[in-house]
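Listed here are the chains, written in short residue letters.
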Amino acid sequence: MTPTIPTPPRRSFGMNSGSDNVFRNIIIGLSSLVLVATVLYGFVLIVGGLPAFQREGIGFLFGLNWDPGKGIYQALPFIAGTFFTAFGALLLAVPLSVAAALFISEYAPRWLAGPVGSAIELLAAIPSVVYGLWGIFVLIPAVRVFQVWFVSVTGVPWPPTGTGLMSAVLILAVMVIPFICAISRDVITLVPNDQREAAYALGATKWEVIRFGILPYARAGILGGVILGLGRAIGETLAVTMVIGNANVIASTPFSSTATMSSIIASNFGEANETLRPALIAIGFMLLVFSVIVNVIARIVITRLTPVGTR
Amino acid sequence: MTRTDTMTKSISSGLTRTVSPARRAQNSIMFGLVALGTVIVLIPLALILFQVVYNGLRSINLDFFIKSERDMSMITGGGGVLNAIVGTLLMVAVALVIGLVVGIATGIFLSEYREHPLVGVVRVMSDVLTGIPAIVVGLVIYGLMITTKLPGYSGLAGGVALGLIMIPIIVRATEEVLKLVPTSIREAGLALGLPRWKVTMQIVLPAASTGIITGAILGVARVSGEAAPLLFTSFGNPDLATNLLQPMAALPSAVYSLAFKALTPAQNEQAWAGALVLLTIILISNILARFFSRPRSYRAPKANTAKT
Amino acid sequence: MKKILLAGLVLAAGAVSAQSVTSILGSGASAPFPLYTEMFNSYATLTGVKVNYASKGSGGGRADIIARNVEFAGSDAFMTDTELKSAPGAIVHVPMALVAVVPTYNIPGVTTQLKFTGQLLASIYLGDIKKWNDPAIVALNKTAKLPDLAIAPVYRSDSSGTTAIFVDFLSKVSSDWASKVSKGPQGSVKWPVGTGGPQNAGVVGLVRQTPGGIGYAEVTYAKANKLQYGLIRNATGKFVDGGDLNEIAAASDAQSLPDDTRTSITNASIGYPISGFTWILVYKDQKYGTRTKDQAKAMVALLRWMLTDGQKLNNKLDYGQIDGSALKKAQKNVESITFGGEKL
């Protein structure tokens, strides 16, 4: 072992021993696996999906006809299904999650805030299949009761089957709420107390403190959490597959059965033949692209928009 | 917090009289809405917890743990998920090995070699990996390990898919916790003439171990509930299988089948029991993670805050 | 736990070194899955050979066997010439059972067994008939108290042999269906209305869950789930019960079977009109990839057993037995399997 000269060791990069070099190379080698994996993802999916992109051309993205019997694969119904369900779920989840986060961090006494916060964190970790199970046996029957009532009152001839877009939106909302809520709570808790004190000192009510002192400060973090929640909703698979009704068409009513990009892969890939498989892999590639874009935007929002306040 | 609370309370109570009725009404309404929102959030979540525990306890029995899916019959019913529980344990073990080796190494790279030109891109890619849907990981492993017959449908393929999901979780945990280890510890080690790798492996990493363990536990909790990446990779197996090169069952996949593709209504009951087992795993993991992440880990927290 | 792991290591080592084959991997059709489950359980007890069969749908089985991901596939639809050509080797079809696809429904309050015609089923699945008290349904079922309830059609979301049999029948009896609905050769259908469930079990599960639901499934699934199923009018004008094994046998006997056994028996002149064979598909020459002669032998031994002793389970589980000339042709196909050109 060669003795190193004890210069100020802040950056002792220039004086590696031989063993240091070996170690460094091992670390870099293993770390580059992360790069390799990411590149491999894109590569495997684009190569696997290429036949579908080539055969369908731009129609793969913008066509509505998904007809495995004739070998026509146009994925817009599923892209639409993913966006309907994800944004529908966010529409419900965001106000509720932020409300719950505010309640936990600003209103609730400590004895209540702790357990409620932990419970919500736990719920964010519950597996998709468990939500799906609950969706099939509890949510769908309840949704059906509502739909039957709705049809009988309004006379709108929507099929009240329970499965479909509406159930998928609801189960997704239930799933992303704990996620968005946990992030929002963390962000709100991080708002410096100076903000609160300053607002109170100006005679603000509790709500005005939240409205003018806390929310502007936490806005970027909450928005980042919401976008990460969107990423989750886009990729969520099994729970959605279990309740959405798996129809390979665009939803014509809020009650209709339809499918998302992830659910069509889950329900069809296992039994796909040589022409269907590339189409599903191509959908997987688009899912990858969407989720990467959403996550990158979320990181940018969180790092760029967070106000540099008092530290 | 407490100090501020009491202070602000006294301030606001002192000012209540000067607040206009409109503002006071708005304040109350908003409180009502926030409370209502919280209740709406908690109702389905409480229902899920209650129903999984209630229905799960009703249908769980000893056979559920000591028999396999082979023993489930359309005629006689019965059977259990021992094959799936063992399969999940083995595949998660594979995932944990992959996640720990690659994840810790990458975490060390990001935190200890910050001047390396690849650090930025590795960090971004690791973040990107976090957000990739599990079903996409399954597709990729299908392309890499099933169609190539390396080794085809197998527990190993499932374990690698789960490992890919676990890597970014452990990277994140490792990097964050290594950053918290005070520079002074590293400096002390280097000043003693230790080579850098020894400082990292024998001083820095042990100081950060609890945080890494926490990350690993949360990673295990996450992947042990994943069924999507296993759909096209591990195939399933009605028998107890321990050879990782053979097809293997998993608990979340079993719950998916028992709930969504049940041969008889009795299997739906078993799905609830499976969900209860999954929930218990998650709960225990969370408690363990909380236990390990209690802020007693660093021996010199003062030095850290003094850094500014 | 340690013991299990140890046992696993021993087993794994055994699988590598020893000559005896302990497991066979297959995937495919869900219609015969309950039957295969019982067969393979008996076979495991008898011989120690454990067959791992994933019920993922006939299309999945055919894709898996073409890609050689599995050792055998199950399918309720025979392979088309195109599919056979896309496989890297010749594939033999071994019929294992006769299946009956029945319309199964969940109408609260209705206890009589409803009667259907192919035309009526087609109209329901086309979305033309939307309520259970539609005159067209009432006309066939005057005694049933049909409610003013929306019909919720349920179909298979995967590529399915059961679907292939069902829509094959519909397109034979309903010109409307044949002209309006795009039908793939192998049960990939673009459904005009309804909800999709995975495999026979998923369809039956959705029907059981949905008041007003109707689906199509192998009769065993309907019975095991205590769901009602309807009678179907056959070519002679008689309403026939898919649970009646004689009617299924009659339908198969009405057709002459080609040597490779690839045939459709829907809408036969007599018998139950939505029946079909379900086949096991294996490569004719078993020497490919890393396969050993012992694996090939084990595969053939399993098929032989399924065609003899295994058939005794068929009737017990409401599946039609393979007998007579069909059995002879099936056994001939099994005996044609070779390993590197060598008979087994």
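Computed from a predicted structure; not experimentally measured.

A.B. asks: Residues and numbers for the overall build of chain B, please.
C.D. replies: What chain B contains, in helices and strands, is 13 helices and zero strands. Counted from the first residue to the last, chain B has its helices and strands arranged as α-α-α-α-α-α-α-α-α-α-α-α-α. For chain B, with 308 residues in total, the buried portion stands at 55%. A total accessible area of about 12700 Å² is found for chain B, and carbon and sulfur atoms account for 69% of it.

A.B. asks: Explain the packing of aromatic side chains residue by residue, including any values.
C.D. replies: Scanning the entire structure with this criterion turns up 41 aromatic pairs over all chains. Taken together, a centroid distance of 5.6 Å and an interplanar angle of 90° make the contact between Phe64 of chain B and Phe65 of chain B edge-to-face. With 6.1 Å between their ring centres and 70° between their planes, Phe40 of chain C and Phe72 of chain C make a pair best called edge-to-face. Here Phe40 of chain C, found in helix α2 (residues 33–47), pairs with Phe72 of chain C, found in strand β3 (residues 72–75); they are 32 residues apart in sequence, far enough to count as distant. Ring-pair connections join several aromatic residues into one group, and the members of that group are Tyr125, Tyr155, Phe166, Trp177, Trp191 and Tyr216 of chain C. The ring of Tyr113 of chain B carries Arg196 of chain B above its face, with NZ or CZ at 4.8 Å from the centroid. Positioned above the aromatic ring of Phe239 of chain C, the side-chain terminus of Lys115 of chain C is 5.5 Å from the ring centre.

A.B. asks: Quick rundown of the nonpolar core? Include the residues and the values.
C.D. replies: The nonpolar side chains of a soluble globular protein tend to be buried with one another. Core analysis: the biggest nonpolar cluster contains 292 residues, and Tyr131 and Ile283 of chain A together with Phe116, Phe166, Trp177, Leu303 and Met306 of chain C have the highest contact counts within it. The contact partners of Leu303 of chain C, leaving out residues within four places of it in the chain, are Val94, Met96, Ile280, Val282, Val334 and Ile337 of chain C.

A.B. asks: Which residues make up the interface of chain B and chain C, and what values go with them?
C.D. replies: Listed as interface residues are 28 residues of chain B and, on the opposing side, 37 residues of chain C. When the two sides are added together, the surface that chain B and chain C hide from each other amounts to roughly 2500 Å², 60% of it contributed by carbon and sulfur. Among the residues chain B hides against chain C, the three largest losses belong to Arg70, Met74 and Phe235 of chain B. Together they make up 24% of the total. Taken together, chain B and chain C are joined by zero salt bridges. In this assembly, chain B and chain C are joined by ten residue pairs in polar contact (both at pLDDT 80 or more). Of all the secondary-structure elements, those providing two or more residues to the side of chain B that touches chain C are α4 (82–112), α6 (134–146) and α12 (265–292) of chain B. A breakdown of the residues in the side of chain B that touches chain C according to their chemical character gives 16 nonpolar, eight polar and four charged.

A.B. asks: I'd love a proper account of the interface of chain B and chain A, names of residues and values included.
C.D. replies: Chain B puts 91 residues into the contact, and the matching count from chain A is 86 residues. Carbon and sulfur atoms supply 78% of the area buried between chain B and chain A, which totals about 8000 Å² over both sides. When the area that chain B buries against chain A is broken down by residue, the three leading residues are Leu45, Ile48 and Leu139 of chain B, summing to 7%. Where chain B meets chain A, there are three salt bridges. Of the charged contacts, one joins Arg299 of chain A and Asp127 of chain B as a salt bridge, the two residues approaching to 3.6 Å between their closest N and O atoms. Scanning the region where chain B abuts chain A turns up nine residue pairs in polar contact (both at pLDDT 80 or more). With 19 residues, the top contributor of residues to the side of chain B that touches chain A is helix α2 (residues 21–59) of chain B. Its residues assigned to classes, the side of chain B that touches chain A comprises 63 nonpolar, 20 polar and eight charged.

A.B. asks: Report on the pairing of strand β1 (residues 23–28) of chain C, specifying residues and quantitative values.
C.D. replies: Moving residue by residue along a regular strand, the side chains alternate between the two faces of the sheet. Residue and element names in this part refer to chain C. Where burial is concerned, most of β1 is hidden: five out of the six residues are buried. Crossover connection from β1 via α2 to parallel strand β2 (residues 50–55): handedness right-handed. Strand direction decides the pairing type here: β1 and β3, joined by three bridges, are parallel. In the strand pairing of β3, Ser27 is matched with Ala73.

A.B. asks: Talk me through the domain arrangement of chain C; I want residue IDs and the actual numbers.
C.D. replies: Residue and element names in this part refer to chain C. Each domain of chain C was delimited in the assignment, giving domain 1 (2–99 + 275–343) and domain 2 (100–253). Summarising the inter-unit geometry, the C-alpha centres of domain 1 and domain 2 are found 30 Å apart. Taken together, the contacts link 27 residues of domain 1 with 24 residues of domain 2. A combined buried area of about 1800 Å² lies between domain 1 and domain 2, and 57% of that area is made up of carbon and sulfur atoms. Linking Lys223 and Asp318 is a salt bridge whose minimum nitrogen-to-oxygen distance equals 3.2 Å. Linking domain 1 to domain 2 there are eight residue pairs in polar contact (both at pLDDT 80 or more). Only α2, α3 (58–66), β4 (91–106) and β12 (275–283) provide two or more residues apiece to the side of domain 1 that touches domain 2. The element best represented in the side of domain 1 that touches domain 2 is α3, accounting for four residues. Residue classes in the side of domain 1 that touches domain 2 are distributed as eleven nonpolar, eleven polar and five charged.

A.B. asks: Account for the sheet that holds strand β5 (residues 115–116) of chain C, with residues named and values stated.
C.D. replies: All names here are of chain C. The sheet built from three strands is open, its strands ordered β5-β10-β11 with mixed pairing. At either end of the open sheet lies a strand with only one pairing partner, and these are β5 and β11 (239–240). Bridge count between strand β10 (residues 231–233) and β11: two bridges; the pairing is antiparallel. Across the sheet, residue Ile232 finds its bridge partner in β11, namely Val240.

A.B. asks: Any chance you could break down helix α14 (residues 324–335) of chain C for me, citing the residues and the numbers?
C.D. replies: All names here are of chain C. With twelve residues, α14 extends 17 Å between its outermost C-alpha atoms, agreeing within 8% with the 16 Å of an ideal straight helix rising 1.5 Å per residue. Buried within α14 we find Ala326, Leu327, Ala330, Asn333 and Val334. Along the axis of α14, the buried positions cluster into a sector of 125°, meaning they face one direction only. Turned more than 90 degrees off the buried face of α14, the exposed positions are Lys328 and Lys332. In this structure, the buried residues of α14 make contact with β4 and α12 (293–307).

A.B. asks: Which residues make up the environment of Tyr43 of chain C, and what are the values?
C.D. replies: Residue and element names in this part refer to chain C. Mapped onto the secondary structure, Tyr43 falls in helix α2. The class for Tyr43 is buried, based on a relative accessible area of 5%. A C-alpha to C-alpha distance of 8.0 Å links Tyr43 and Leu302, two positions 259 residues apart in sequence. Among residues more than four places away in sequence, those in contact with Tyr43 are Gly48, Val49, Val51, Ala298, Ala301, Leu302 and Trp305.

A.B. asks: Just give me the short version of the side chain of Arg70 of chain B, but keep the residues and values in it.
C.D. replies: Checked against the element boundaries, Arg70 of chain B lands in the loop between α3 (62–66) and α4. Using a relative accessible area of 12% as the deciding quantity, one classes Arg70 of chain B as buried.

A.B. asks: Please set out empty space enclosed by the protein residue by residue, giving values where relevant.
C.D. replies: Counted by the stated rule, this structure contains six cavities of 30 Å³ or more. Considering only enclosed or pocket space, the second largest cavity measures out at about 300 Å³ in volume. Residue lining of the second largest cavity: 26 residues in total, with Pro68 and Asn268 of chain A together with Ser157, Ser188 and Val189 of chain C positioned closest to the centre.

A.B. asks: Please provide a residue-by-residue account of the packing of helix α1 (residues 18–56) of chain A against α6 of chain B, values included.
C.D. replies: In helix packing, the relevant descriptors are the interaxial angle and the interaxial distance, both defined with respect to the helix axes. Axis separation between α1 of chain A and α6 of chain B bottoms out at 9 Å; the angle between their running directions is 70°. Comparing their axes, α6 of chain B and α1 of chain A come out roughly perpendicular. Along the contact surface, α1 of chain A presents Leu40, Tyr41, Val44 and Leu45 of chain A, while α6 of chain B presents Val136, Val137, Leu139, Val140, Gly143 and Leu144 of chain B. A class-by-class count of the residues in the contact of α1 of chain A with α6 of chain B yields nine nonpolar, one polar and no charged.

A.B. asks: A description of α6 of chain B should follow, citing residues and the corresponding values.
C.D. replies: For the α-helix, the turn length of 3.6 residues means that residues three or four positions removed from each other point alike. All names here are of chain B. In this model, α6 (13 residues) spans 17 Å end to end at C-alpha, consistent with the 18 Å of a helix rising 1.5 Å per residue. Burial analysis of α6 places eleven of its 13 residues in the buried class, the great majority of the element. Taken residue by residue, α6 has Ala134, Ile135, Val136, Val137, Gly138, Leu139, Val140, Ile141, Tyr142, Met145 and Ile146 as its buried positions.

A.B. asks: Can you tell me about the side chain of Ser128 of chain A, naming the residues and giving the values?
C.D. replies: Residues and elements named next belong to chain A. Position of Ser128 relative to the elements: it lies in helix α5 (residues 128–154). A distance of 2.5 Å separates polar atoms of two side chains, one belonging to Ser128 and the other to Glu236. If near-sequence neighbours (up to four positions away) are discounted, Ser128 is found in contact with Met175, Glu236, Leu238 and Ala239.

A.B. asks: A description of unusual backbone geometry should follow, citing residues and the corresponding values.
C.D. replies: The omega torsion across Leu150 of chain B and Pro151 of chain B is 0°, close enough to zero to call that bond cis. Counting through the fold element by element, Pro151 of chain B comes out in the loop between α6 and α7 (155–180). Despite not being glycine, Gln199 of chain C shows a phi value in the positive range, around 55°. By the element assignment, Gln199 of chain C lies in helix α9 (residues 199–209). Among the residues examined, Gln199 of chain C registers a relative accessible area of 4% and is labelled buried.

What counts as what
- Residues numbered from 1 in each chain as written.
- Chains lettered and ligands numbered in written order.
- Predicted model: local features only at pLDDT ≥ 70, side-chain atom pairs only at ≥ 80, totals over all residues.
- Heavy atoms only, no water.
- Helix = DSSP H or I, 4+ residues; strand = E, 2+ residues; numbered from the N terminus.
- Buried < 20%, exposed > 50% of the residue type's maximum accessible area, 1.4 Å probe, protein only.
- Areas by Shrake-Rupley, 256 points an atom, 1.4 Å probe, with all protein chains shown as cover.
- Phe/Tyr/Trp six-rings, centres within 6.5 Å; stacked < 30°, edge-to-face > 60°.
- Lys NZ or Arg CZ within 6 Å of the ring centre and 35° of its normal.
- Core = buried A, V, L, I, M, F, W, Y, C linked by side-chain atoms within 4.5 Å.
- Contact = heavy atoms within 4.5 Å.
- Buried area = accessible area lost by both parts, 1.4 Å probe.
- Salt bridge = Lys/Arg side-chain N within 4 Å of Asp/Glu carboxyl O.
- Polar contact = N/O pair within 3.5 Å; in protein donor to acceptor, adjacent residues only side chain to side chain.
- Nonpolar A, V, L, I, M, F, W, Y, C, P; charged D, E, K, R; others polar.
- Right-handed = clockwise from strand over helix to strand, strands pointing away.
- Pairing = 2+ DSSP bridges.
- Domains from an automatic or database assignment.
- Expected span 1.5 Å × (residues − 1).
- Arc of directions from axis to C-beta.
- 1 Å grid on protein atoms, 1.4 Å probe; cavity = no way out; pocket = protein on both sides within 12 Å on 5 of 7 lines; lining within 4 Å.
- Points joined across faces, edges and corners; volume = space filled by probe spheres on them.
- Axes fitted to C-alpha atoms, helices over the stretch in contact; angles between N-to-C directions.
- Parallel < 35°, antiparallel > 145°, perpendicular 65-115°, else oblique.

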